[in-house]
Amino acid sequence: MDSPIEHRGRGACVYSRRIDRLYHKYSRYMALFYLYSGFTLVAYLVKKLRDYRFLPVGHLVEKRALKDNFYKFKIKVGHLKWRKIQPGDYVFIKVPNVRGLRELHPFSVVNKVGEDGVITLAIRGDGDFTRQIQSLELGELIQFDGGYGRFNTLITQNDGDQLVLATGGTGIVPMLAIIDAHPERLITLFYTVHTAADQIYVTQLEHWAATRATLTVHVQTGRFTPATELQKFTGHRTTFLISGPYALGQSWVRALRQRRIAASKYYYEEFNW
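Keep in mind it's a predicted model, so treat the numbers as computed, not measured. (Residues numbered from 1 in each chain as written. Predicted model: local features only at pLDDT ≥ 70, side-chain atom pairs only at ≥ 80, totals over all residues. Heavy atoms only, no water.)

Okay, helix α4 (residues 172-181) next. For an α-helix the count is 3.6 residues per turn, leaving residues at separations of three or four pointing the same way. Within α4, 9 of the 10 residues are buried, which leaves it mostly tucked inside the rest of the structure. Those residues of α4 that fall on the buried side of the exposure criterion are I172, V173, P174, M175, L176, A177, I178, I179 and A181. (Buried < 20%, exposed > 50% of the residue type's maximum accessible area, 1.4 Å probe, protein only. Helix = DSSP H or I, 4+ residues; strand = E, 2+ residues; numbered from the N terminus.)

In structure tokens form, the structure reads like this:
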């Protein structure tokens, strides 16, 4: 029979081994934690360095009120050849010399960006950033990152399809660039707003519709009924591009799924800015 001293000795040894295993397990965990934290810090610093040193620089060359609390901005960028902005894309912009505007925010591009390097944005003052930017003076330095987006990818992948554009509110902005860039494509636009006062660029849309046999424009207050509208496109090769508030987007996506439209034939981009 073991003596009390021997029993206590073995117990202490077992306890020590358990402590040792826990220590090594904890050490491995902490090593992974510090490695991940270090990687995150480096990635953050690299992003900040890129934002401040390598983002393309432009200047505000035009600012005009489209309506109350809704402004059009034109930014002239000197070197765009390394940055491809496709019709329907959005960009991130910031104003590094103005407090409150130094963080990147996303906005869709109104125009088909050409060799002149002019980027046109239409921005409604819904938040601190979007309200403060309305006070910028001409000539202000603006940095941007982009373009980003999947609309042009879907258009290219479905070359030859007619396009159905369903949008509401500020979601009309990327659709303007798509319509402008594709005069040869059959395009049908469904544009809805809460009130007539919320409409923007309707005059431009009406002009395009009057001068282009390939374009049909439907503008109304209140929502369209997607299931009803989709019946008009049965049997035709069609790609559907949707932009706007969540409820609008989901109503169109739901109707498309009910008609068993392939996922490669539609894309919804939610607008919260």
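The next subject is the environment of F240. By secondary structure assignment, the location of F240 is in strand β10 (residues 238-244). The spacing of F240 and F151 is 89 residues in sequence and 9.6 Å in space, taken between C-alpha atoms. Residue contacts for F240: discarding those within four places in its chain leaves L154, V164, L230, L256, I261, K265, Y266 and Y267. (Contact = heavy atoms within 4.5 Å.)

Below, the discussion takes up unusual backbone geometry. Along the chain, G146 connects to G147 via a cis peptide bond; the corresponding omega equals 5 degrees. Along the polypeptide, G147 turns up in strand β6 (residues 141-148). Look at Y201: it is not a glycine, yet its phi comes out positive at around 60 degrees. Tracing the backbone through its elements, the reader meets Y201 in the loop between β8 (187-193) and α5 (202-211). In this structure, R260 takes a positive phi of about 60 degrees despite not being glycine. Within the fold, R260 resides in the loop between α7 (246-258) and β11 (266-270). Exposure remark for R260: the relative accessible area of 77% places this residue in the exposed category.

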